[in-house]
Amino acid sequence: MSVHVTPTGQGWIQSPLSGRSLPCVCTRSSLKTKAFRWTSGREHRRCWEPAKEGAWMVLHLMASREGRTQTGVLTPAPCPHTLPALLEMCGVKQVPYHLIEDQGWAVDLNEMQRALKAARGHCEPRAIYISNPGNPTGHVQDRETMEELIRFVAAEGLVLLAEEVYQDSVFGHDKEFLSYKKVLFDMGKELSETVELVSFHSLSSPCIGECGLRGGYMEIINMEPEVTKHLKRMPGPYSPPVLPQLALQLMVNPPTPGELSYQTYSQEILHIKKTLSQNAQRAHEFLNALPGMTCQPAMAGVFLFPCLHLPTEMIEEAKMLGVKADVLYCQRLLEEEGVCLGAGCENGQEDQNYHIRLCVLAPPDTLDQVLARLRSFHLRLLSRFP
C-alpha cells in the first residue's frame, strides 16, 4: 500500500501553501515495521523539514499538560545549541543527562537512569534525544553503547529521537558511524518491531554544508499508523521553496561511478573530509597548548568544545554584569578580535565548567587566523587577572 503525499520541500507535510512541491510516494517499510519512507529514484528516505523543524513537529505532537504531567524529554548536556529553545517553544520540559567529559563526552547509562528517576514526579518523561555523532562534542557512539541505550529505552517505554546530522563526518581513528536504525534492526524482532525511533538528517551535514537552505528528512520507525498519518498532515513552521528539495535529492542520491559528475563530486567530498580532519586535529592541539583551556579530541562533526578555566575575578565580574562567564568571554572576544564563538551555556551547560564552541569547518588559512586571534585574546585576558 502506498500513500501519495506532497512534501513542503523540507518535510513530508501536506500544506496548501506549497504549490510548487515535488510529488513523492510514502510506502510501508519492506522490513515489516511501521516505518514510512520517502521513495525517490533508487534511494529510500523519509523526508522532513530541516534539522530542528522536523524535531519541532515530533515534540509538538508529544507535548501535553503542565506541572507534574508535563511532557519531559531527556537531552544530553551539552546538547545542540538550538535544542533548549526548541523544547521551550514546544512546551516540553528539558531533562538533562550529563555526558562524561573526561571520557571524550561519552554517554553514561547510569547518568541517564539518574536523570530519568529525578525527573519523575516533576514531569512525565516520554522521549530521549540522542546526538550521534555528538553535537557539539564530536563523540561517536560504539555499538555496545547504542545497544545498551536501546534496551534502556525499551525498558522505560521512551521514544528514541536520534539526530544523525554529522554521520558523514567521522574522522576519529578506528571510529565509524552506525545508525540507530541499523543497530536496532540487528537486535532481533523483540526490539526492532517495538522500539519507537525517529532519526533525523539534514543538509547541514559537513560534506553538503547547505545549512542555509534548511532541508532535511526524518524516518519514523514503529509508531502507530495514525500517529505517522497525523505527522504527515501536520503543517510545519513554514513551507520552503523548491531549491532545498533539489539539494536534498542530490544529498540522498549522490553521483555514482560512470556518471559525468562523479569524479568531481568524489574529489570535493574527499577534500572536505580531509580538511575537516586536519583542522580538528590542529585546533585540538592548539587549544590544549593554551593555559587555562583543555579540549577533548573530536571524532566527528564540525565543532570542538573546549573547557575554559577562567579566573575567579572574571567569573565575579560576569555575575555583576548579569551574564554567564562564558558569554562574557565570547562577547569580549568578538569586540576585541572580531571572532565569534558560541558560549557553552547555549548548549545546556549549567554547571561551573565553562566552555566555548568552535567551528573547525573552514579553510585552513581562515582557521589559522581565528586561532591566532583567539590566542592573542586569551593570553591578554589572563594577564588582566594575574
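About the criteria used
- All chains use their own residue numbering, which begins from 1 and follows the written sequence.
- Local features are withheld for residues below a pLDDT of 70 in this predicted model, meaning they are given only at 70 or higher, and side-chain atom pairs are given and counted only at 80 or more; totals for whole chains, interfaces and linings count all residues.
- Remark: hydrogens and water are excluded; side-chain values derive from all non-hydrogen atoms of the structure.
- As a rule, the C-alpha atoms of each element are fitted with a line to give its axis, helices using only the stretch in contact, and angles between N-to-C directions run from 0 to 180 degrees.
- Elements are defined by DSSP. Helices are runs of H or I of four residues or more, strands are runs of E of two residues or more, and each kind is numbered from the N terminus.
- Angular relationships are summarised with four words: roughly parallel below 35 degrees, roughly antiparallel beyond 145, roughly perpendicular across 65 to 115, and oblique for the angles in between.
- Any pair of residues with heavy atoms lying within 4.5 Å of one another is described as a contacting pair.
- Asp, Glu, Lys and Arg are counted as charged, while Ala, Val, Leu, Ile, Met, Phe, Trp, Tyr, Cys and Pro are counted as nonpolar; the rest, among them Gly, fall into the polar class.
- Buried residues are those whose accessible area, probed at 1.4 Å on protein chains only, stays under 20% of the maximum for their type, while exposed residues exceed 50% and partly exposed ones sit between those limits.
- Two strands qualify as a pair provided DSSP detects at least 2 bridges between them.
- Looking down the strands as they point away from the viewer, one classifies a crossover as right-handed if the path from the first strand across the helix to the second runs clockwise.
- Salt-bridge detection follows one rule: a side-chain nitrogen of Lys or Arg within 4 Å of a carboxyl oxygen of Asp or Glu.
- Positive charges come from Lys and Arg, negative ones from Asp and Glu, while His and the chain ends are left out of the count.
- What counts as a ring pair is set by centres within 6.5 Å for rings of Phe, Tyr and Trp (its six-membered ring), and what kind of pair is set by the plane angle: stacked under 30 degrees, edge-to-face over 60, tilted for all other angles.
- Throughout this description, the term charge over a ring refers to an Arg CZ or Lys NZ atom that lies within 6 Å of the ring centre and within 35 degrees of the ring normal.
- Note on convention: the crossing is left-handed when the near helix lies turned anticlockwise from the far helix by less than a right angle, right-handed when the turn is clockwise.
- Directions drawn from the helix axis to the C-beta atoms are what define this arc.

Caption draft 1: Inspection of the packing of helix α10 (residues 312-321) against helix α11 (residues 325-337) at higher detail. α11 packs onto α10 with a crossing angle of 95° between their chain directions and a minimal axis gap of 8 Å. Comparing the axis directions of α10 and α11 gives the class roughly perpendicular. In this structure, α10 contributes Met314, Ile315, Glu317, Ala318 and Leu321 to the contact, and α11 contributes Ala325, Leu328, Tyr329 and Arg332. Split by residue class, the contact of α10 with α11 holds seven nonpolar, no polar and two charged.

Caption draft 2: Summary view of the pairing of strand β8 (residues 124-131). Among the eight residues of β8, six are classified as buried, and the element is accordingly described as predominantly covered. In the sheet, strand β6 (residues 71-77) pairs with β8 via four bridges, with the strands oriented parallel. Across the sheet, residue Val73 finds its bridge partner in β8, namely Ala127. Where β8 lies against strand β9 (residues 159-163), five bridges are found, and the strand directions are parallel. By the bridge assignment, Ile130 is partnered in β9 with Ala162. A crossover connection joins β8 to the parallel β9 through helix α4 (residues 143-156); in handedness this β-α-β unit is right-handed.

Caption draft 3: A look at the pattern of salt bridges. Under the defined criterion, the tally for this structure stands at twelve salt bridges. Across the salt bridge formed by Glu337 and Arg380, the nearest N and O atoms sit 3.0 Å from each other. In this pair, Glu337 is assigned in helix α11 and Arg380 in helix α12 (residues 364-384), connecting sequence segments 43 residues apart. On the basis of relative accessibility, which here comes to 16%, the residue Glu337 falls in the buried class.

Caption draft 4: Layout of the side chain of Glu101. On the secondary structure map, Glu101 appears in the loop between β7 (93-98) and α3 (109-119). As a buried residue without a salt bridge, Glu101 has its nearest oppositely charged side chain in Arg357, at a separation of 14 Å. Ignoring anything within four residues of it in the chain, the contact list for Glu101 reads Gln296, Cys307 and His355.

Caption draft 5: Spatial organisation of the packing of aromatic side chains. One pass over the full model with this rule turns up two aromatic pairs. Taking the centre distance of 5.7 Å and the plane angle of 65° together, the rings of Trp105 and Phe305 count as edge-to-face. In this pair, Trp105 is assigned in the loop between β7 and α3 and Phe305 in the loop between β13 (303-304) and β14 (307-308), connecting sequence segments 200 residues apart. Summarising the burial analysis for this pair, Trp105 and Phe305 share the class buried. The ring of Phe303 is capped by Arg357, whose NZ or CZ atom sits 5.7 Å from the centre of that ring.

Caption draft 6: Looking closely at the packing of α3 against α4. Taken N-terminus to C-terminus, the directions of α3 and α4 make an angle of 20°; their axes are 11 Å apart at the nearest point. Accordingly, the angle class assigned to the pair α3 and α4 is roughly parallel. The two elements α3 and α4 cross, and the hand of that crossing is right-handed. Residues Leu109, Met112, Gln113 and Leu116 of α3 lie in contact with α4, whose contacting residues are Glu148, Leu149, Phe152 and Glu156. Across the contact of α3 with α4, the residue classes tally to five nonpolar, one polar and two charged.

Caption draft 7: A look at helix α2 (residues 83-90). Regarding α2, the residues found buried are Leu83, Leu86, Leu87 and Cys90. Seen end-on, α2 carries its buried residues on one side only, within an arc spanning 95°. Residues of α2 that are exposed and point over 90 degrees away from its buried face: Glu88 and Met89. Immediately downstream of α2, the backbone of Gly91 shows phi near 75°, a positive value.

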